[in-house]
Amino acid sequence: MSAERTPPPEQPHVVALVLQSKKALQHGQALCARAHAISTESARHAVDVLALDAKVKWTSNAVREQLKLAASVARRIEARRADVERQAKEWDIQKAQRSDALDAILESLGEQVVPPDFYETSSGTSPFGSQDSSEEEAQGQRRPVTQGSHDGLAPNGTHARKKRPREDWSRWKTLRDFVDERAIDEVLETMDNDRLALEDVLATTADYSTVLNGHITTIREGMPGANTAPTIESVLLAQEKVSTDMAGHLESLAAHYDQMAAALHDHEAGEAFSDEDLQEMNRDTEELPAIITELEDNVSSIERLNEQLQRAKAAAQEHVSLHRSTLDDLEELGEVMTDMLQHQDQVQADCVERMSHLQGHLMTLEELHHKYTSYQLSYNKLLIEIARRRQYREAAENIVRGMMAQLDAMTEEERIVRQDFNEEHGQYLPSDLCLCIENPPTKWAIVPWNGEPEEVLPDVDNDLLLEAKDRTVNSGGLAGSQSL
């Protein structure tokens, strides 16, 4: 028995295939239209994102520049303040040096004693001032011994004071006792108060740099970060690739529909299709759902890319909103900086004036040091001068004593000569002739001394003197008879 031939499976009708192909084509066209609409929207979003990003970038750059300016202002304020602090520290060093020098000279004055003879009998005050004490109040005002006084000087130029027991040395003053230390303390107190006043003025701007840097840090940290969304170019390229794929799929659907429409036309014209042709048409039609699925996936991809652009746009808009707040903070920072700069200028001018005043205090310390150094030097010179004057007085006294001894001898010799003359010649002279001849000799022939009268002698002309000498020589015999 011959095998029965199995009939081929029933093939779908050509009309049904055409309708299915047309439906797939229409569905694909709808998906592509939707994808095109989404792509158009994405393009608008991309333009908005670019515009917003440009605005954010421009604003960010402007804010950064303003923050750099604010940072430079903070550095300038800190530099000006540091300059004043440097000058103040240099002043502190100079003040310490000059104060130490003044303390050193005062200590030196305190180690140099002044004998009581210099001030116990004096009145008035030291030209350098005198410290009040119970001893001074009991003894009244005192003044240094004047340079013309020589009482109490020993031969070596020191004061010839009575020997005092060592326990009496406690009554001796020092050069420092004649220094007005109260006035010095007032000068130092005024100086310290002025220095503290300068520190108080500087303290008003001590936190300016910290405050400005804090504002700068807050604004910088509040600025939006970099946009982490994908670049517009990558999104648009991805959309373009997907659109190209969809266009290819739509072309396939259109070509399939054209083939099926032609087959239907041929079928209606009476052309019979072989089984292979029908199987091929059926196979192509069965692939349509897969193409539609790919198109739907492509639309989903385009939607996801569009959502990325939407998120990027929203992020850019948020950055713009943040920048508005940042600009407000920046404006507030500008007002703060303006106030700080104005106040810093006032403080700077005040500090310059105060530093000038403090420099004047240094000059006062220098003058005090010079004054008391000169005081000590002058006192030492005074001791040397007194010793020199003592030596002068002793030399003068020695000369006077020698002259007095010589005058005494000359006076005694003169008395003997006058006595011999009066004894020899007085008996022959009338009593009313040259009354002064009987006068005894005086030590001082010209200037009276100790109440003695000046010796007045008659004038003798030179011619009379020569004539008398000649007569004396020629009267030798008479002289002999007188001697007899």
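What you are looking at is a predicted structure, and each value in this text was computed from that prediction instead of being measured. Along each chain, residue indices are assigned from 1 in the same order as the chain's sequence is written. Predicted model: local features are reported for residues with pLDDT of at least 70 only, side-chain atom pairs are reported and counted for 80 or more only, and whole-chain, interface and lining totals are derived from all residues. Hydrogens and water molecules were not included; the side-chain quantities draw on all heavy atoms of the structure.

UniProt positions are given in the numbering used here, feature names are shortened, and annotations may be inferred rather than shown by experiment. The sites that carry the UniProt feature "coiled-coil region" (unreviewed entry) are, in the present numbering, residues 292–322. Secondary structure elements follow DSSP: runs of H or I no shorter than four residues count as helices, runs of E no shorter than two count as strands, and numbering proceeds from the N terminus. The distance separating the terminal C-alpha atoms of residues 292–322 is 44 Å; by composition the span is 100% helix and 0% strand.

With that settled, consider the pattern of salt bridges. Each salt bridge in this description consists of a side-chain nitrogen of Lys or Arg and a carboxyl oxygen of Asp or Glu lying within 4 Å of one another. Considering all chains together, one arrives at 22 salt bridges under this definition. Across the salt bridge formed by E385 and R389, the nearest N and O atoms sit 2.7 Å from each other. With a gap of 4 residues between them, E385 and R389 both fall in helix α7 (residues 288–425), about one helical turn apart. R393 is paired through a salt bridge with E397; the nearest N and O atoms lie 3.5 Å apart. Of the two residues, R393 and E397 both sit in helix α7, 4 residues apart, roughly one turn of that helix. The buried label applies to any residue whose accessible area, calculated with a 1.4 Å probe on protein chains only, is under 20% of its type's maximum; exposed applies above 50%, and partly exposed to all values in between. Judged by its relative accessible area of 27%, R393 falls in the partly exposed class. The network of salt bridges with shared partners includes D83, R86 and E90.

Attention now goes to the packing of helix α1 (residues 14–111) against α7. Between α1 and α7, the shortest axis-to-axis distance is 5 Å and the interhelical angle comes to 10°. By the criterion of interaxial angle, the relationship of α1 to α7 is roughly parallel. Grouping the constituent residues of the contact of α1 with α7 by class yields 46 nonpolar, 26 polar and 15 charged. Axis definition: a line fitted to C-alpha atoms, over the contacting stretch in the case of helices. Angles run 0 to 180 degrees between N-to-C directions. Roughly parallel means an angle under 35 degrees; roughly antiparallel, over 145; roughly perpendicular, 65 to 115; everything else is oblique. Charged means Asp, Glu, Lys or Arg here, nonpolar means Ala, Val, Leu, Ile, Met, Phe, Trp, Tyr, Cys or Pro, and polar covers whatever is left, Gly included.

On to the side chain of Q344, then. One can find Q344 in helix α7. Take Q344: its relative accessible area is 1%, and that puts it in the buried class. Contacts: residue pairs with any heavy atoms within 4.5 Å of one another. Beyond its immediate stretch of four places on either side in the chain, Q344 contacts I77, R80, R81, T205 and Y208.

Now for the side chain of Q348. If you trace the backbone, Q348 turns up in helix α7. Residue contacts for Q348: discarding those within four places in its chain leaves R80 and V84.

Looking now at the environment of L309. Assignment of secondary structure puts L309 in helix α7. Its relative accessible area of 1% is what places L309 among the buried residues. Along the chain, L309 and R44 lie 265 residues apart, while their C-alpha atoms are 9.4 Å from each other. Once you skip the residues sitting within four places of it in the chain, L309 turns out to touch S42, H45, A46, V49, I232 and V235.

Moving on to a negative patch on the surface. Only residues whose relative accessible area exceeds 30% and that form no salt bridge are eligible for patches; like-charged ones are grouped when within 9 Å, while nonpolar side chains (Val, Leu, Ile, Met, Phe, Trp, Tyr) are grouped when within 5 Å. Exposure was quantified through the Shrake-Rupley algorithm and a 1.4 Å probe, taking into account, for residues, occlusion by the shown protein chains and nothing else. We treat Lys and Arg as the positive residues and Asp and Glu as the negative residues; His and chain ends play no part in the count. A single reference atom marks each charge: NZ on Lys, CZ on Arg, CG on Asp, CD on Glu. Judged by side-chain charge, D328, D329, E331, E332, E335 and D339 come together as a negatively charged surface patch. Take D339: it is sitting in helix α7.

In this section: helix α8 (residues 462–474). Between its first and last C-alpha, α8 extends 18 Å over 13 residues, near the 18 Å set by a 1.5 Å rise per residue. Burial analysis of α8 places just 0 of its 13 residues in the buried class, a small minority of the element. The N-cap residue of α8 is D461: its side-chain oxygen and the backbone nitrogen of D463 are 3.0 Å apart. Take the number of residues in a helix, subtract one, and multiply by 1.5 Å to get its expected span. Under the rule applied, a polar contact is a pair of N or O atoms within 3.5 Å (in protein, one hydrogen donor and one hydrogen acceptor; residues adjacent in sequence only if both atoms are side-chain atoms).

We now examine the nonpolar core. The biggest cluster of nonpolar side chains holds 30 residues, and the ones touching the most others in it are L102, L109 and Y372. If you list the elements that add at least two residues to this core, you get α1, α3 (181–203) and α7. When residues of this core are assigned to their parent elements, the largest contribution, 12 residues, is made by α7. Beyond its immediate sequence surroundings of up to four residues, L102 is in contact with I184, L365, L368, H369 and Y372. Grouping buried Ala, Val, Leu, Ile, Met, Phe, Trp, Tyr and Cys residues that are joined through side-chain atoms within 4.5 Å yields what is termed a nonpolar core. In terms of nonpolar packing, the next biggest core, distinct from the first, is built from 16 residues, A70, L212, I216 and I219 among them.

By secondary structure assignment, the location of A238 is in helix α5 (residues 232–268). By relative accessible area, which is 28% here, A238 ends up partly exposed.

Next up on the list: a nonpolar patch on the surface. Together, F421, L429, L433 and I437 line one region of the surface with nonpolar side chains, adding up to about 310 Å² of accessible area. With respect to the helices, strands and loops of the structure, I437 is situated in the loop between α7 and α8.

Further remarks concern the packing of α1 against α3. For the pair α1 and α3, interaxial distance at closest approach is 12 Å and the crossing angle is 165°. Judged by the angle between their axes, α1 and α3 are roughly antiparallel. Viewed along their axes, α1 and α3 form a crossing whose handedness is left-handed. Every residue of α3 that contacts α1 at R81, V84, E85, A88, W91, D92, K95, S99, L102 and L106 is listed here: I184, L188, M191, D192, R195, L198, L202 and A203. By definition, any crossing whose near helix is turned counterclockwise from its far helix by less than a right angle is left-handed, and any crossing with a clockwise turn is right-handed.

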